[in-house]
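# Geometric and topological summary
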Amino acid sequence: DRTVSARAGHTLTPMAAGFIMFGGMDMQTRNDQGCPVPNSDLFILKLGNNRTYEWSPIELDAASQTPPARTLHTAIGSSKDEIFIFGGLHSAMPYQSLQDGWML
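A few points on the structure. What you see is a predicted model; the values in this text were computed from it and never measured.

## Describing the sheet that holds strand E3 (residues 42–47)
With antiparallel pairing, the four strands of this open sheet are ordered in space as E1-E2-E3-E4. The open sheet has two free edges, formed respectively by strand E1 (11–15) and strand E4 (53–57), since each of these has just one partner strand. Put simply, the sheet's adjacent strands are angled 25° from each other on average, direction ignored. Relative to strand E2 (residues 18–22), E1 runs antiparallel, the two being bridged by five bridges. Paired with Met15 across the strands is Gly18, a residue of E2.

## Let's talk about the pattern of salt bridges
A complete count under the given rule lists two salt bridges for this structure. Among the ionic pairs, Arg7 bridges to Asp41, the shortest N-O distance being 2.8 Å. Of this pair, Arg7 sits in the segment before E1 while Asp41 sits in the loop between E2 and E3; the two residues are 34 residues apart in sequence, bridging distant segments of the chain. A relative accessible area of 15% places Arg7 in the buried class.

## Examining the side chain of Asp41
For Asp41, the side chain forms a polar contact with the side chain of Arg7, separated by 2.8 Å. Those residues within four positions of Asp41 in sequence are excluded, and the remaining contacts are Arg2, Arg7, Met21, Phe22, Gly23 and Asp26.

## A few points about the nonpolar core
In this structure, Met15, Ile20, Phe22, Leu42, Ile44, Ile83, Ile85 and Leu104 together form the largest nonpolar core, which totals eight residues. Within the residue set of this core, elements represented by two or more residues are E2, E3 and strand E6 (83–92). Beyond its immediate stretch of four places on either side in the chain, Ile20 contacts Thr11, Leu12, Thr13, Met15, Leu42, Phe43, Ile44, Ile58 and Ile83.

## Description of the pairing of E2
Across the five residues that make up E2, a large majority, four, are buried. Counting the residues in the hairpin turn of E1 and E2 gives two residues. Pairing analysis gives four bridges linking E2 to E3, with the strands arranged antiparallel. Of the residues in E3, the one forming a bridge with Met21 is Phe43.

Calculation notes
- Residues numbered from 1 in each chain as written.
- Predicted model: local features only at pLDDT ≥ 70, side-chain atom pairs only at ≥ 80, totals over all residues.
- Heavy atoms only, no water.
- Pairing = 2+ DSSP bridges.
- Helix = DSSP H or I, 4+ residues; strand = E, 2+ residues; numbered from the N terminus.
- Axes fitted to C-alpha atoms, helices over the stretch in contact; angles between N-to-C directions.
- Salt bridge = Lys/Arg side-chain N within 4 Å of Asp/Glu carboxyl O.
- Buried < 20%, exposed > 50% of the residue type's maximum accessible area, 1.4 Å probe, protein only.
- Polar contact = N/O pair within 3.5 Å; in protein donor to acceptor, adjacent residues only side chain to side chain.
- Contact = heavy atoms within 4.5 Å.
- Core = buried A, V, L, I, M, F, W, Y, C linked by side-chain atoms within 4.5 Å.

Next up, the structure:
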């Protein structure tokens, strides 16, 4: 069972079904030099009554392309059920900036 870890540099995009969280760095995944690396986690956050909330992983269709892991990117809801993700950093050491866009 996947859970959301503490993280920074992710996006949290408001959508009709809930808030979509993508990417960021959670300090758990590290490269060969021991530096934290971005991830491509995809979760939905649903808010409930009395300050309750629930995170659920979003599984993409196996045939779908998944954006490379990234942090410090931007995301915006582009339709009722899609978000557009742009740019960010793929690697913190050395810095590897991205200039690609993805629809999820």
